[in-house]
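Letter by letter, the chains look like this.
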Amino acid sequence: MRIGVDIGGTFTDVCAVDERGIVAVGKVLTTHDEPARAVEEGLAALLTDFGAVEQVVHGTTLVTNALIERKGSRTALLATAGFRDVLEMRREHRYELYDLHLELPAPLVPRHLRFDVPERILADGSVHTGLDEDFVAKLGRELAARGIEAVAVCFLHAFTNPAHERRVAEILAEVAPSLRVALSSDVVPEIREFERASTTVANVYVQDLTERYLRDLEDRLRRLGIGRAPHIMLSNGGLATVDTAARHPIRILESGPAGGALAAASIGPADLLAFDMGGTTAKLCLIADGAPLVTHQFEVDRKYRLLPGSGLPVQVPVTDMIEIGVGGGSIARIDALGLLTVGPDSAGSEPGPVCYGRGGTEPAVTDADLVLGYLDPGYFLGGAMRLDATAARAVLREKIADPLGVSVEEAAWGIHTSVNEDMANAARVHAVERGHDPAKLPMYTFGGAGPVHGVGVARALGAPSVVAPPAAGVLSAAGFLTAPLAFDFVRSARAAVHDLEWEQVDALFAEMEAEGAALLAKSGVDEVTHRRVAELRYAGQGYEIRVPVHDGPWPGTLIEDFTRTYRALYRRSGPEVGVEVLNWRVVSSGPAPDITLRLTAEAQGGDARKGTRKAYFPAAGGFVDTAIFDRYLLTPGERVDGPAIVEERESTVVVPPGAHCVVREDAALEVTV
């Protein structure tokens, strides 16, 4: 048996899979003060015998939350003399040109803890100014005396020659062994100074918090009787050991959302949209050629959620997705202009939406969905948690309906559709920027709130169909179990492609592949595959695109692949100039697990209809009698015509008027829009 565990902002999801498929799923409220406690509670509620557990795979939002909430270690930055302000100067780019009150996230390291170190390495790796070792030793002792807990070291061109950074680490280990030290040449050895510094700082800033959490998780699993150490989900869709994740916590920044994308890729067609909506955020990922897209440029704590440049950049491989702050717990309010707005702040699990009855006082999306009749107050989490519909109506009336002069139902519908439109608008931009038309792709929806809103988002996008897979409410946790052990490696070596010989390139790849094989061997993986990628651009351009490196005539095959990829993205050919490479990358991975994500419980047959209740559909005139179905009693081939609602323990599928739902052979529900 393998178990996936996903800690979200509102719920912690647990999914158990064996050779037959999904055998058990569960949700418990996230315990923010002690996240591993919710994992222990969820596992204890799910299973009684842990002796047969072969693997636990875990994803968490811990790192993201620590960066946003500024709950990391007291950190200092050591930079090349004259460059300590790179964190504040950024790229001198205004993401909103005419906003006079432009807001940027504050650097993780304040200016008084950023230090100029006398040293200088040139772009070719030669030493211009030697490292002042006495200065470093004196500074290290002072930092330790002042209670600094962590140090990030980011010197110019350290990705070409890391000698000075490594010597600093040696000196600090001698004079201040209590300091945690992160070197940019280890964390992110690639070009672009600001992004490299930001990523290195973020990594060491959350390292102590992450390591303590992972060790606590290991201890709790051992107490339950699970002898094997857990594997940790990486943001790029691979797995790592606890030790690797503790050394590189920035690599698990987006570990939770990656699981849902992997699950959708494993059960869906080659090209699709994966829509995940939980309690705090909604995410949409494009699956192309059977795999989630991966990017190496990501931002945390954006001040404007859809504007690149408004957050803290993190230069690590992450699943390429759009994420906005709308989930079941997202708070609705009337803004200063008198308009309805939803999110990005969330009630989370503590206190949660008003209908949870845990002390929440602000209307949330789940309150609106309950008032609209889409959720059964007596069957939330399979009946384990009863919702208070009366309290939800009262808060919607007080905070939204009366101020706008509309009915409670209209207020709730406004919240529901606002969420759908926000996600659809973001998804449309995300897909088009990557060369895809969202109106031509099926949408797979999951997460606790995803199936409730899936058809609304698909209609706004023009997508032809919506698929709710089995165990949709915990699919991210299930997706973790489809991932192989894997890790990424990078080398920056800017050069014109035609100036390079294949022997030089092959030697660089071989070095990274050896590093990958050695790392995976420590986890007992003998069968390792390597995927080679080059990041290319036309000479003079500011940014590059990723192209797979295949065997073939050098460099003709690479140039042809680059030209084809460029045309697919931009629908035109590039300028008549040479092509240059910026980075070489290798993804080293072990074999993917051979599992199925089908529910093992066979449908019992018989009448799946549970009855009817009133649900709100303006196109049908308001509240109408809506058929309610038990998903676990539906059999493959059955058709459900809208308006209808299909319920399972962890999620609810809403089939509006004019749409119909069919149960597929794999037990997924497909709604034709």
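An account of the accompanying structure is given in this report.

1. Brief notes about the sheet that holds strand β30 (residues 622-630)
Okay, step 1: Read from one edge of the open sheet, 4 strands run β29-β30-β32-β33, paired in mixed fashion. Two strands in the sheet have a free side with no partner beyond their single neighbour: β29 (609-617) and β33 (652-655). Mean inter-strand twist for the sheet, computed between neighbouring axes without regard to direction, equals 25°.
Okay, step 2: Across 4 bridges, the pairing between strand β32 (residues 644-647) and β33 is antiparallel. Bridging from a neighbouring strand, I645 pairs with V654 of β33.

2. A word on the packing of helix α2 (residues 62-69) against helix α8 (residues 207-224)
Okay, step 1: Remark: α2 packs on α8, axes separated minimally by 10 Å, with the N-to-C direction vectors making an angle of 145°. For the element pair α2 and α8, the recorded crossing hand is right-handed. Facing L62, V63 and A66 of α2, the residues of α8 in contact are L209, T210 and Y213.
Okay, step 2: By residue class, the composition of the contact of α2 with α8 is 5 nonpolar, 1 polar and no charged.

3. Structural notes on the nonpolar core
Okay, step 1: Counting residues in each nonpolar core, the largest one holds 98 residues, and the members touching the most others are I3, L67, L78, L143, L536 and W584.
Okay, step 2: Sorting elements by how many residues they give to this core places helix α7 (residues 193-205) first, with 6 residues.
Okay, step 3: Counting residues in each nonpolar core, the second largest holds 72 residues, with V371, Y374, L375 and I415 among its members.

4. A short note on the sheet that holds strand β25 (residues 486-496)
Okay, step 1: Spatial strand order, β25-β28-β26-β27: 4 strands in an open sheet with antiparallel pairing. Among the strands making up the open sheet, the edge pair consists of β25 and β27 (545-548). If you compare each strand with its neighbour and ignore which way they point, the axes differ by 25° on average.
Okay, step 2: Against the sheet, helix α16 (residues 502-521) engages β25, β26 (529-538) and β28 (579-589), with an angle of about 25° to β28.
Okay, step 3: Together, β26, β27 and β28 form the strand contacts of helix α17 (residues 556-570), whose direction differs from that of β27 by roughly 135°.

5. Considering the pairing of strand β4 (residues 55-60)
Okay, step 1: Burial analysis of β4 places 6 of its 6 residues in the buried class, the great majority of the element.
Okay, step 2: Both faces of β4 are covered, namely the face carrying Q55, V57 and G59 and the face carrying V56, H58 and T60.
Okay, step 3: For β4 and strand β11 (residues 231-233), the ladder comprises 2 bridges, and the chain directions are parallel. Its bridge partner lying in β11, H58 is registered against I232.

6. Re the pairing of β33
Okay, step 1: Burial along β33 is two-sided: the face carrying T652 and V654 and the face carrying V653 and V655 are both buried.
Okay, step 2: What sits between the antiparallel neighbours β32 and β33 is a turn of 4 residues.

7. A look at the environment of G21
Okay, step 1: Inspection of the secondary structure puts G21 in strand β3 (residues 21-29).
Okay, step 2: With 574 residues separating them along the chain, G21 and I595 place their C-alpha atoms 6.8 Å apart.

8. Re the environment of V151
Okay, step 1: Note on placement: V151 falls in strand β9 (residues 150-154).
Okay, step 2: When its relative accessible area of 0% is taken as the criterion, V151 is described as buried.
Okay, step 3: With residues up to four places along the chain from it excluded, the contact list for V151 reads A76, L78, L143, L172, L179, R180, V181, A182 and V204.

9. Topic: unusual backbone geometry
Okay, step 1: Geometrically, the link from W554 to P555 is a cis peptide bond, its omega value of -5° lying close to zero.
Okay, step 2: Among the secondary structure elements, P555 is positioned in the loop between β27 and α17.
Okay, step 3: Across the junction of G642 and P643, the peptide omega takes the value 5°, indicating a cis bond.
Okay, step 4: Structurally, P643 is set in the loop between β31 (639-641) and β32.

10. Looking at the packing of aromatic side chains
Okay, step 1: Counted according to the given criterion, the structure contains 14 aromatic pairs.
Okay, step 2: An angle of 35° between the planes, with centres 5.6 Å apart, marks the rings of Y374 and F617 as tilted. With Y374 in the loop between α11 (365-371) and α12 (389-404) and F617 in strand β29, this residue pair connects regions lying 243 residues apart in the sequence. The residues Y374 and F617 share a single accessibility class, namely buried.
Okay, step 3: Aromatic pair Y566 and Y570: ring centres 4.8 Å apart, planes at 55°, arrangement tilted. Of this pair, Y566 and Y570 both sit in helix α17, 4 residues apart, which is roughly one turn of the helix.
Okay, step 4: For Y566, a relative accessible area of 5% corresponds to the buried category.
Okay, step 5: For Y570, a relative accessible area of 43% corresponds to the partly exposed category.

11. So, the packing of helix α13 (residues 408-433) against helix α14 (residues 450-461)
Okay, step 1: Their axes nearest at 8 Å, the elements α13 and α14 cross at an angle of 55°. What the angle tells us is that α13 and α14 run oblique. The interaxial crossing formed by α13 with α14 has right-handed handedness. Here α13 contributes H416, V419, N420, E421, M423, A424, A427 and R428 to the contact with α14, which in turn contributes V452, H453, G456, V457, A460 and L461.
Okay, step 2: The residue makeup of the contact of α13 with α14, split by class, is 8 nonpolar, 4 polar and 2 charged.

Cut-off values and rules
Residues numbered from 1 in each chain as written. Predicted model: local features only at pLDDT ≥ 70, side-chain atom pairs only at ≥ 80, totals over all residues. Heavy atoms only, no water. Pairing = 2+ DSSP bridges. Helix = DSSP H or I, 4+ residues; strand = E, 2+ residues; numbered from the N terminus. Axes fitted to C-alpha atoms, helices over the stretch in contact; angles between N-to-C directions. Left-handed = near helix turned anticlockwise from the far one by under 90°. Contact = heavy atoms within 4.5 Å. Nonpolar A, V, L, I, M, F, W, Y, C, P; charged D, E, K, R; others polar. Core = buried A, V, L, I, M, F, W, Y, C linked by side-chain atoms within 4.5 Å. Buried < 20%, exposed > 50% of the residue type's maximum accessible area, 1.4 Å probe, protein only. Phe/Tyr/Trp six-rings, centres within 6.5 Å; stacked < 30°, edge-to-face > 60°. Parallel < 35°, antiparallel > 145°, perpendicular 65-115°, else oblique.

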